[in-house]
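The residues making up each chain are set out below.
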Amino acid sequence: MAAHRELCERATHPLEIAAGLEEAGVAAATAGRYRHADVFALAEELFARVPRRPDESGATAPGGQRAPAGPGRRYRAGRLLGLLGVVLLPLVTVLGPAGGPGAVRVPAALAVAAWAAAAPADWSARWVRHAGQAQLRSAATVAEFRARMRPVLPVALGLQLAVLAATSFAALAVLTALAPRPGPATGGLLQAAVQQACPAQWAGQAAVGLLLAGAAVLRRCGARPAGPLGLLGAAGLGALLVGLRALGGLPAWLAGPGPLTALAAALAAAVVLPYSWLVVSEPVAHR
Amino acid sequence: MRIALLTEGVHSVPQRFGAVRGTGWCDRLVEGLPEHEFERYLLLAGSAAPAAADRPGLRTLALRGPRPAGRRPGAVRRRHYARAYEQLVRALVLPRERGGFAPGLHRLAALAREDGALPAFLASGHAHAVLERVWRSPGAETAAGQPLVRDVLVAGDLLEQCLRPLAADWYGEEPGGLGAVDLCHVVGGGPAALPALVAKERYGVPFVLTEHGLHLREQYLGYRQAPYRWPVRALLLSFFRLLTAETYRQAALLTPGSGYDREWQLRCGARPERVRVVYQGLPAVARPAAGPEPERPTLVWAGRLEPAADPELMLHAFARIRADLPAARLVMHGPEGLPGYRAHCLAVAARLGVAEQVEFPQRPLPAAEVWGGGTVAVFSARSLSRPRPLADAMLSGRALVATDVGVAREVVGPTGLLVPPCDPAALAVACLALLGDEERRARLGLSGRLRAQERFAVEPVTAAFREIYLELVSQWPAFPAAERRPGAVPRPFTRPAEYWVAGEEEPGPAIAGAAPGTGESALVAAEGTAAMARVP
């Protein structure tokens, strides 16, 4: 019994002990020495006498069945296109009535800032996935897993917004230093930089940041086609709105470049973010 | 007669049994019975898939790899699926509800046959929720730990893979479907028996189960090394155990490959009158006996270098043999079962002082050369679950010493020396007795060769299955599907096998041979019976 203790402690059924005993060279003759008719009877006694013990050693959850095949060319092209479209959204919406080199400057700076924030979005998405894997290793039930994952996505989005605010401010500060806003300078560099963009533009920039973060999370958590689709959807929506404005189908308060960006990005984000929330709270996404 | 041959291409979990098995045996069976029409169904597991998949006339299904594409079921269907799945899982984890296994399985199969959405459902969060709820319910078998979320995911994936045959597009009464065959022949148990179970339930097609090496036993051994936690192992092994028991209960006949496997089958719930041992036919039977013995007394050992085959015992015994017979040599053939085990064996040989007399040929040789190069063949394994290696050695005509485990006693019988396992002194004495007695060696070798030729010839297998097939279809109330009236007593020969081939251009000698009575009249009579049977 001592020799086969580990086998008996880990066994799930007497037949497993019988198979293990036969593999270890215990035949009917040996079982007879212990006053049993055959190996099966001996195995049943061992199963009854040795208590089960959980095996915590080296029991790692193997990675899922998902093939780690690299993304296809179409997927990568779609993602790049979507990223470009969203980042250039402020620029696209400025085309049209309010032309002129001055009007393009601020949206260009915002676009550069959003582009710089794309990489941190990916990092925060990777952090979400990492956190999900860590919780998956220890959580007991799906409900507990969801409860633990609840703060993760908001924190990731907050981080992304902070990074985007920093890059936007830096870009606008550089813009302010290069080409100061006409009129009396009020306050220091900080205020001047913030005032470069109107509130609607800041809101649009925030919506773009949320959209980027949501798409990155979707990409990292397995819902691959959804991320680029969201980005492309936002870009397409922006283009559509610009077209509508050119036809005169938009109310006046929407006609400025800022509200238009904000509307397009926010609509797309309103779809992408709830979806990524659902995806993140599914354990399957983090395998 | 139309016979569906269901095989699993590669063993599932264990790497140690990773070879393609069964297919060669099936080929020989199909060639040996040209009068029957065989339809091959192959479940593929592992990397051998693409090579075997491109053969014509073979329908395959991958048991591993990415999930087959398919839509998820709608809300209403999903509820049906969830209920059937819950019944199945309850049978797996609650000892009191074991009886729900077969009904749950057949309900899932019926649902999968309607829309094929079973794999998609099993991979969805709903199925995981069902699994978790039942698994963590009071009374579940969780003696060694509660299941965690990751266990639910892993077990859900594994169950999805095991249940894939239920969603295959093999069922149906049109030609080529399992509903249109007269008999199913399952080679190797486990998931390969699932289609046969479904066909029996739905169309009343009987099935024979042939097992060379028990599927359940191999799962038990394979899962001991699998990287799964206890609850996952318990759930999956419970699935395999219940599936095996249900298969044995439903099978019209079981044909294990040895009496040793027969004991296991009886233990798992097979009825003795339905078990018939049919030894595996080996084409090596036609091989000529090995030539003259080598000049130096040589012991040959062959097997995988791993603890289960116990090469260490052989080395210890050889050290004792050398003390009495300094000229003796030992040749140990075989690949490494465990990485680094060859070096370990070399170290043991060096410690025992016999390193110069022991050879470890790296190059694999054909069996005839392996055994022909020795004076005595030795098996020191702690377990011998398949007759094939022993039979190979016996066919060479060399005398044999084996440990008395597994199938050794019934295969070797009186034609070789059997010693208790893990006993180097006994093994050494037996080897010395044979090495020192040339006349005895020759006598045992010849009788062993004759015994193996008699037991493992190919023709008796074919003949046995020819009889088994005919016996089964004659006893079986053919096609109760033809009489679906409630309460109808199924009658034998309601729809004889000829009914299904009567429409073809040439009935051929096969049909004439398959049943007595040839010519038009028999066919007309058969059609008439069938037509009458179809009238409600």
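Right above here is the structure, for reference.
Residues numbered from 1 in each chain as written. Chains lettered and ligands numbered in written order. Predicted model: local features only at pLDDT ≥ 70, side-chain atom pairs only at ≥ 80, totals over all residues. Heavy atoms only, no water.

Visitor: Got a sec to walk through unusual backbone geometry? Specific residues and values, please.
Guide: All names here are of chain B. The residue Asp310 is not glycine, and still its phi comes out positive at about 55°. Note on placement: Asp310 falls in the loop between strand 7 (298-302) and helix 12 (311-324). Judged by relative accessible area, Asp310 falls into the buried class, the value being 6%. Phi angles above zero are rare outside glycine, and Cys422 is one such case at about 60°. Within the secondary structure, Cys422 is located in the loop between strand 12 (417-419) and helix 17 (424-435). (Helix = DSSP H or I, 4+ residues; strand = E, 2+ residues; numbered from the N terminus. Buried < 20%, exposed > 50% of the residue type's maximum accessible area, 1.4 Å probe, protein only.)

Visitor: If you had to explain the packing of helix 9 (residues 215-224) of chain B against helix 10 (residues 230-250) of chain B to someone new, which residues and values would you point to?
Guide: All names here are of chain B. Two elements in contact, helix 9 and helix 10, have axes whose closest approach is 10 Å; the angle formed by their N-to-C orientations is 175°. The orientation of helix 9 relative to helix 10 falls into the category roughly antiparallel. Across the interface between the two elements, His215, Leu216, Gln219, Tyr220 and Tyr223 from helix 9 touch Arg233, Leu236, Leu237, Phe240, Arg241 and Thr244 from helix 10. Along the lines of polarity and charge, the residues of the contact of helix 9 with helix 10 split into 6 nonpolar, 3 polar and 2 charged. (Axes fitted to C-alpha atoms, helices over the stretch in contact; angles between N-to-C directions. Parallel < 35°, antiparallel > 145°, perpendicular 65-115°, else oblique. Contact = heavy atoms within 4.5 Å. Nonpolar A, V, L, I, M, F, W, Y, C, P; charged D, E, K, R; others polar.)

Visitor: Lay out the interface of chain A and chain B with the relevant residues and their values.
Guide: Taken together, the 39 residues of chain A in the interface contact 39 residues of chain B. Taking both partners together, chain A and chain B bury about 3600 Å²; carbon and sulfur atoms supply 58% of that area. Our enumeration of links across chain A and chain B arrives at 2 salt bridges. Arg267 of chain B serves as the salt-bridge partner of Glu44 of chain A, at 2.8 Å between the closest nitrogen and oxygen. Where chain A meets chain B, there are 16 residue pairs in polar contact (both at pLDDT 80 or more). Examining the composition of the side of chain A that touches chain B, we find that 7 residues originate from one element, helix 2 (residues 14-23) of chain A, more than from any other. Residues belonging to the side of chain A that touches chain B are distributed by class as follows: 19 nonpolar, 7 polar and 13 charged. (Buried area = accessible area lost by both parts, 1.4 Å probe. Salt bridge = Lys/Arg side-chain N within 4 Å of Asp/Glu carboxyl O. Polar contact = N/O pair within 3.5 Å; in protein donor to acceptor, adjacent residues only side chain to side chain.)

Visitor: For the nonpolar core, give the residues involved together with the corresponding values.
Guide: Of all hydrophobic cores here, the largest spans 123 residues; its most connected members are Tyr85, Leu163, Cys184 and Leu390 of chain B. Residues within four places of Leu390 of chain B in sequence aside, it is in contact with Phe379, Leu384, Leu400, Ala402, Val407, Ala408, Val411 and Val412 of chain B. Ranked by size, the runner-up nonpolar core spans 49 residues in total, among them Ala125, Ala216, Leu218 and Leu260 of chain A. (Core = buried A, V, L, I, M, F, W, Y, C linked by side-chain atoms within 4.5 Å.)

Visitor: A description of the environment of Gly9 of chain B should follow, citing residues and the corresponding values.
Guide: Residues and elements named next belong to chain B. Relative to the helices and strands, Gly9 is located in the loop between strand 1 (2-8) and helix 1 (23-32). On the accessibility criterion, Gly9 (4% relative accessible area) is buried. Between the C-alpha atoms of Gly9 and Ala62, which are 53 residues apart in sequence, the distance is 9.5 Å.

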